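These are the residues of each chain, in order.
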Amino acid sequence: MEIAKDQSVSTNENFDSSGAKDDKSLMFIEAWEHLRRSIVHYKGQAVGTIATLDNASGAVNCDQIFVRDFVPSALAHLMNGEPEIVKNFLLRTLHLQLSVKGIDRFAVGQGLMSDSFKFLHGFKVLHDPVKGVDNLIPDFGETAIGRVARVDSGFWWIILLHAYTKATGDSSLSNQPECQNGMKLTLSVCLAEGFDTFPTLLCADGCGMADRRMGVYGYPIEIQALFFMALRCAVRLLRQDNGKEFIMKIEKRLQALTYHMRSYFWLDFQQLNNIYQYKTEEYSHTAVNKFNVIPDSIPEWVFEFMPMRGGYFIANVSPARMDFRWFVLGNCVAILSSLATHSQSMAILDLIEERWGELVSKMPLKLSYPALDSQEWSIETGMDPKNTRWSYHNGGSWPGLVWLLTAACIKTGRPDIAKKVIEVAEQRLSKDGWQEYYDGKEGCYVGKQSRRLQIRTIAGYLVSKMLLEDPSRLGIISLEEDKKMKPTTITRSTTLPTKLRSYS
């Protein structure tokens, strides 16, 4: 890995009313310096940023370039007028997608995008064991914890390709046959017909940001929101001349997915009351409790957590199971992609304001809430010592996700919430060494296995500040609501066969 040469960086002085380099503007410059140092070069080109600069952590994957982690780094470079690294990253990961991949004796689907890759210098090859060559080594899940393929990587790649196109105004990259084929390969896996009766994606535990067992198997909100956003981005990027039928297939899925998510994943005070009064064992097409959720299975904490003003998309919905936990990533992506209606977007931010002490507190943001504990922790995580109560993915606080909330706040016209969140983070981020995550119910403590100089945290901070400085930058990562989407209304007869609905 080569250290990048110094480049011009916006000093973000608009944030300092006096124009002096106070602590916050110095913090902004410091963040850019760290981001520059994290850049990885391959064959003379910048191709991404490593996960962390903390070499002392001893982690085996600290030198990896993760697709999801690179997104805020990419956005920071795009907003700073440096698109070349993003273009190189998109092309390199696309080429890696075509690699032969498999676990043990099972061949993994061709459409799978690698979760990460790393640069190896002097990699020995079979045809010439003496002479080494530089190489990029992808990970499709073969070396991941639990050997789970990351479903979110391909979605983030499509979203980033759309962001690059919007930021540069250059569609030549997305129009390349390789990129067109890459999008189709990724989405073909998701759009393939199977045994599912829902438009959502059935996923294994550990297939997203929470890459360890966290009880999110089934239809996790993070994956569904990213799937929705990737589909919408693909509709804008795919060429009509050779993908018209594929686009029609996507649009049909979007209609069904929009209805399903807004109807069954959304929870506010009124909907909670409706679920509380559900009848069970309902047969036929007129059932209201379509998933046969037992009201007594609603956990006690939900009634205390749900305010009169506010709402959110719950973590998971599947037969006889509703996971009521809050996951910040899925809800913010729902706002940015317009999976959430305007009123739902406002309600999500209302919830954050009403439950500030639980979701923001001393360090933003809670990845999930509440934490799994005791027997529930044992069953859902397999007694994972890293995901103990209020730690890591199990209720830990992740400052690297602040950029998503900032973008969501700007989109809904409420930047004041983002400013407050960033002010909380700024009190400790630089002083603590740009930590990966924080532990504790209020996020007071540096994570027990947190890494310093985490690039996701650093880049997320930069993107947040740059978005507040110039809200017009939001356009590269935000999608307006599609007017063609039909309004969502829940009625008893919505599951009736089409030919019978006119008689209901």
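Here the structure is shown first, and the text comes after it.
The notes below deal with the structure included here. Starting afresh in each chain, residues are numbered from 1 along the sequence in its written order. Totals for whole chains, interfaces and linings use every residue, but because this is a predicted model, local features are given only for residues with pLDDT of at least 70 and side-chain atom pairs only at 80 or more, for both listing and counting. Side-chain metrics in this entry use all non-hydrogen atoms of the structure; hydrogen atoms and water are not considered.

## Quick look at empty space enclosed by the protein
Using the following cut-off: Using a grid of 1 Å spacing that covers the protein atoms alone, one calls a set of points a cavity when a 1.4 Å probe fits there but cannot get out, and a pocket when the set is open and has protein on both sides within 12 Å along at least five of seven lines; lining residues are those with an atom within 4 Å of a point. Grid points are joined across faces, edges and corners, and a volume is the space filled by probe spheres set on the points. Where helices and strands are cited, they refer to DSSP runs of H or I of at least four residues and of E of at least two residues respectively, numbered from the N terminus.
Per the counting criterion, the structure on display carries 5 cavities of 30 Å³ or more. Taken as a whole, the largest cavity encloses approximately 150 Å³ of empty space. Residue assignment for the lining of the largest cavity shows that the elements contributing at least two residues are α6 (221–237) and α10 (328–337). Per-element tally for the lining of the largest cavity: the top contributor is α6, with 3 residues.

## Points about the pairing of strand β2 (residues 45–49)
The condition that has to hold: Each residue gets one of three labels from its accessible area relative to the maximum for its type: buried under 20%, exposed over 50%, partly exposed in between, using a 1.4 Å probe on protein chains only. Strand pairing follows a simple DSSP-based rule, namely that at least 2 bridges must link the two strands.
Across the 5 residues of β2, 4 count as buried, placing the element largely inside the fold. One ladder, built from 4 bridges, connects strand β1 (residues 39–42) with β2; its direction is antiparallel. Pairing of isoleucine 39 across the sheet is with threonine 49, part of β2. What sits between the antiparallel neighbours β1 and β2 is a turn of 2 residues, in which lysine 43 has the positive phi angle 55 degrees.

## Points about the packing of aromatic side chains
The geometry of two aromatic rings is summed up by the distance between their centres and the angle between their planes. What counts here: Each aromatic pair joins two rings of Phe, Tyr and Trp (for Trp, the six-membered one) with centres within 6.5 Å, and gets the label stacked for planes under 30 degrees apart, edge-to-face for over 60, and tilted for any other angle.
Summed over all chains, the structure comprises 20 aromatic pairs. Ring centres of tyrosine 42 and phenylalanine 119 lie 5.9 Å apart, and the angle between their planes is 70 degrees; this geometry places the pair in the edge-to-face category. Of this pair, tyrosine 42 sits in strand β1 while phenylalanine 119 is found in strand β6 (residues 116–125), placing the two residues 77 residues apart along the sequence. In this structure tyrosine 42 comes out as buried when scored by relative accessible area, which is 6%. Look at phenylalanine 119 and you get buried, because its relative accessible area is 18%.

## Section: the side chain of serine 114
Spelled out, the test is: Note on contacts: a residue pair qualifies if any of its non-hydrogen atoms lie within 4.5 Å across the two residues.
Assignment of secondary structure puts serine 114 in the loop between β5 (106–107) and β6. Serine 114 sits in the buried class, given a relative accessible area of 0%. Apart from residues lying up to four places away in sequence, serine 114 is in contact with Val67, Pro138, Asp139, Phe140 and Ser153.

## Regarding helix α8 (residues 269–276)
Spelled out, the test is: As used here, the arc belongs to the directions running from the helix axis to the C-beta atoms.
For α8, the full list of buried residues reads Gln271, Leu272 and Ile275. Axial view of α8: buried residues confined to an arc of 105 degrees, hence all on one face. Its buried side turned inward, α8 meets α7 (240–265), β8 (266–268), α9 (300–305) and β11 (321–323).

## Here's the deal with unusual backbone geometry
Of note, the amide linkage connecting proline 364 to leucine 365 takes the cis form, showing an omega dihedral of -10 degrees. Relative to the elements of secondary structure, leucine 365 occurs in the loop between α12 (356–359) and β13 (368–369). A cis amide bond links tyrosine 369 to the next residue, proline 370, at an omega of -5 degrees. Examined against the element boundaries, proline 370 turns out to sit in the loop between β13 and α13 (374–381). With a phi close to 55 degrees, arginine 147 is a non-glycine residue in the positive phi region. Relative to the assigned elements, arginine 147 resides in the loop between β7 (128–139) and α4 (152–168). The backbone of serine 374 sits at a positive phi, close to 55 degrees, despite the residue not being glycine. Its place among the elements puts serine 374 in helix α13.

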